[in-house]
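Here are the chains, one letter per residue:
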Amino acid sequence: MGLFSKLFGGGKSPEPKQVEPVEYKGFLIYQEAIAENGQYRIAGRITKTFDDEVKEHRFIRSDVLGTEGDANELMLKKAQMFIDQMGDTIF
């Protein structure tokens, strides 16, 4: 890969990490913090299966924290609160 490609994001993207979901009230929550400028942005997915079809809601928050673990823990709490408030209407 040339210098130009490296500078402007060309080439292959890194492989996404395999994340073990957390089950909550029939939903699966995937904690997927995003590394950004030495911190971690809260991000993830909520999925649920309806009649053999998996529905997915992705979100990225403006919150950033110092460690990946902290960002993922806060994401889990926010996702659980979102599920409690919205239920199946998330999708």
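A few points on the structure. Nothing here was measured: the structure is a model prediction, and the numbers come from that model.

## Digging into the environment of N37
Next up, step 1: Relative to the helices and strands, N37 resides in the loop between strand 3 (34–36) and strand 4 (39–50).
Next up, step 2: Assessed through its relative accessible area of 79%, N37 is described here as exposed.
Next up, step 3: Residues N37 and V64, spaced 27 residues apart in sequence, show a C-alpha to C-alpha distance of 9.9 Å.

## Comments concerning the pattern of salt bridges
Next up, step 1: Using the criterion set out here, one finds eight salt bridges in the structure.
Next up, step 2: The shortest N-O distance in the salt bridge between E36 and R41 comes to 2.4 Å.
Next up, step 3: For K55, the salt bridge goes to E53, with nearest N and O atoms at 3.6 Å.
Next up, step 4: Among the charged side chains, a network of salt bridges with common partners joins E32, R45, E56 and R58.

## Quick look at the pairing of strand 2 (residues 27–31)
Next up, step 1: A large share of strand 2 lies buried, amounting to four of its five residues.
Next up, step 2: Inspection of the sheet shows strand 1 (residues 22–24) paired to strand 2 by three bridges, in the antiparallel sense. When the bridges of strand 2 are listed, Y24 appears paired with F27.
Next up, step 3: Connecting the antiparallel pair strand 1 and strand 2 is a turn made up of two residues, with K25 showing a positive phi of about 55°.
Next up, step 4: Sheet topology note: the strand 2/strand 4 ladder contains four bridges and is antiparallel. Across the sheet, residue Y30 finds its bridge partner in strand 4, namely R45.

## Some details on unusual backbone geometry
Next up, step 1: In this structure, K25 is a non-glycine residue whose phi angle is positive, near 55°.
Next up, step 2: Within the fold, K25 resides in the loop between strand 1 and strand 2.
Next up, step 3: Taking the relative accessible area as the measure of exposure, K25 reaches 56% and is therefore exposed.
Next up, step 4: Its identity is not glycine, yet N37 carries a phi of approximately 55°, on the positive side.

## Focus: the packing of aromatic side chains
Any aromatic ring pair is given by two values, namely how distant the centres are and how the planes are angled relative to each other.
Next up, step 1: As enumerated under the stated definition, the model contains two aromatic pairs in all.
Next up, step 2: Between the aromatic rings of F27 and F91, the centroid separation amounts to 6.1 Å while the plane-to-plane angle is 20°, which identifies the pairing as stacked. Placement of the pair is F27 in strand 2 and F91 in the segment after helix 2 (68–86), with a sequence separation of 64 residues.
Next up, step 3: Summarising the aromatic geometry, the rings of F50 and F91 are spaced 5.8 Å apart at their centres and angled 75° between planes, so their arrangement reads as edge-to-face. Taken together, the residues F50 in strand 4 and F91 in the segment after helix 2 connect sequence positions 41 residues apart.

## Some points on the side chain of Q31
Next up, step 1: Among the structural elements, Q31 can be located in strand 2.
Next up, step 2: Since its relative accessible area comes to 15%, Q31 is described here as buried.

Reading the values: the criteria
- Residues numbered from 1 in each chain as written.
- Predicted model: local features only at pLDDT ≥ 70, side-chain atom pairs only at ≥ 80, totals over all residues.
- Heavy atoms only, no water.
- Helix = DSSP H or I, 4+ residues; strand = E, 2+ residues; numbered from the N terminus.
- Buried < 20%, exposed > 50% of the residue type's maximum accessible area, 1.4 Å probe, protein only.
- Salt bridge = Lys/Arg side-chain N within 4 Å of Asp/Glu carboxyl O.
- Pairing = 2+ DSSP bridges.
- Phe/Tyr/Trp six-rings, centres within 6.5 Å; stacked < 30°, edge-to-face > 60°.

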